[in-house]
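For reference, the chains in residue letters:
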Amino acid sequence: DTGVSQDPRHKITKRGQNVTFRCDPISEHNRLYWYRQTLGQGPEFLTYFQNEAQLEKSRLLSDRFSAERPKGSFSTLEIQRTEQGDSAMYLCASSLGGLSDNSPLHFGNGTRLTVT
Amino acid sequence: DAKTTQPTSMDCAEGRAANLPCNHSTISGNEYVYWYRQIHSQGPQYIIHGLKNNETNEMASLIITEDRKSSTLILPHATLRDTAVYYCIVYSAGNMLTFGGGTRLMVKP
């Protein structure tokens, strides 16, 4: 399977703990996106990388959240001092170019975070 | 991005065509219409997109009205595996893909 890969699929953590998720995009896709999805809602944009540069961050991305894409390939999303409100599905997507270049986003199957 | 309006839910009989409507009355001339779907416990899956002309691929057809204020996604022969939430998204360059609530399609045997 050469799609977007996310790890882990599920994570249960206690409030106050730090968690880190990993995303491996489709090979040669230079754009990588993180979205968050809560139950019953559509995905919400968090942040976007073009190669290793983080070009845009949503106001949803509080100071406790940090994302990296150090070599322009895989990306990590870290949440520090988790809160129960962080419980959600965290989705990663990648694209070869921008949507205006007719390059649709391809999503992984997400990491479901539960904060107890 | 232009706001879209979709029915909250729809049913379709297996084997019949599923026609999913989307209203985007404030769409601008350079904004695309994208369709994604999300099957339970999976990430969103790209289906199709268009600007002005109707589009067809192996998954579906997209019919955009001449004034571009609405569109319809057509699944020609719905199967049980097409049960999902379908998102209609209007996208413009420089913005991020913004999802609404979508339409929950239930394909019934």
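Structure: see above.
These lines cover the structure that appears in this document, whether it is placed above or below. (Residues numbered from 1 in each chain as written. Chains lettered and ligands numbered in written order. Predicted model: local features only at pLDDT ≥ 70, side-chain atom pairs only at ≥ 80, totals over all residues. Heavy atoms only, no water.)

Examining the interface of chain A and chain B
So, step 1. Contacts between chain A and chain B engage 20 residues on the former and 18 residues on the latter.
So, step 2. Taken together, the two surfaces of chain A and chain B that pack against each other cover about 1600 Å², and 59% of this comes from carbon and sulfur.
So, step 3. Viewed at the interface, chain B and chain A are joined by zero salt bridges.
So, step 4. Inspection of the region where chain A meets chain B yields six residue pairs in polar contact (both at pLDDT 80 or more). (Contact = heavy atoms within 4.5 Å. Buried area = accessible area lost by both parts, 1.4 Å probe. Salt bridge = Lys/Arg side-chain N within 4 Å of Asp/Glu carboxyl O. Polar contact = N/O pair within 3.5 Å; in protein donor to acceptor, adjacent residues only side chain to side chain.)

Describing the packing of aromatic side chains
So, step 1. In total, this model carries 14 aromatic pairs over all chains according to the counting rule given.
So, step 2. When the centroid spacing of 5.5 Å and the interplanar angle of 65° are considered together, the rings of Tyr 35 of chain A and Phe 107 of chain A count as edge-to-face. Residue Tyr 35 of chain A is located in strand S4 (residues 31-37), and its partner Phe 107 of chain A is located in strand S10 (residues 106-107); the two are separated by 72 residues in the primary sequence.
So, step 3. By relative accessible area, Phe 107 of chain A is classed as buried at 10%.
So, step 4. Each member of the aromatic cluster is reached from another via a ring pair, and the members are Tyr 35, Phe 45 and Phe 107 of chain A together with Tyr 32, Tyr 34, Tyr 36, Tyr 46, Tyr 87, Tyr 91 and Phe 99 of chain B.
So, step 5. If you follow Arg 22 of chain A out to its NZ or CZ, it ends over the ring of Phe 74 of chain A, 3.9 Å from the centre. (Phe/Tyr/Trp six-rings, centres within 6.5 Å; stacked < 30°, edge-to-face > 60°. Helix = DSSP H or I, 4+ residues; strand = E, 2+ residues; numbered from the N terminus. Buried < 20%, exposed > 50% of the residue type's maximum accessible area, 1.4 Å probe, protein only. Lys NZ or Arg CZ within 6 Å of the ring centre and 35° of its normal.)

Observations concerning the state of the cysteines
So, step 1. Using the criterion set out here, one finds two disulfides over all chains in the structure.
So, step 2. The residue that forms a disulfide with Cys 23 of chain A is Cys 92 of chain A, at a sulfur-sulfur distance of 1.9 Å. Taking the sign of the S-S torsion, -70° for the link of Cys 23 of chain A and Cys 92 of chain A, the bridge is left-handed. Of this pair, Cys 23 of chain A sits in strand S3 (residues 19-24) while Cys 92 of chain A sits in strand S9 (residues 88-95), placing them 69 residues apart in sequence. For the residue pair Cys 23 of chain A and Cys 92 of chain A, the accessibility class agrees, reading buried in each case.
So, step 3. Here Cys 22 of chain B engages in a disulfide with Cys 88 of chain B; their sulfurs sit 2.1 Å apart. For the disulfide bridge between Cys 22 of chain B and Cys 88 of chain B, the dihedral angle about the S-S bond is near -80°, and by the sign convention the bridge is left-handed. Placement of Cys 22 of chain B in strand S2 (residues 18-23) and of Cys 88 of chain B in strand S8 (residues 84-91) is noted, with a sequence separation of 66 residues between them. Comparing Cys 22 of chain B with Cys 88 of chain B shows no difference in burial state: the two are buried.
So, step 4. Free cysteine Cys 12 of chain B: the closest other cysteine sulfur is in Cys 22 of chain B, separated by 18 Å.
So, step 5. For Cys 12 of chain B, a relative accessible area of 10% corresponds to the buried category. (Disulfide = S-S within 2.5 Å.)

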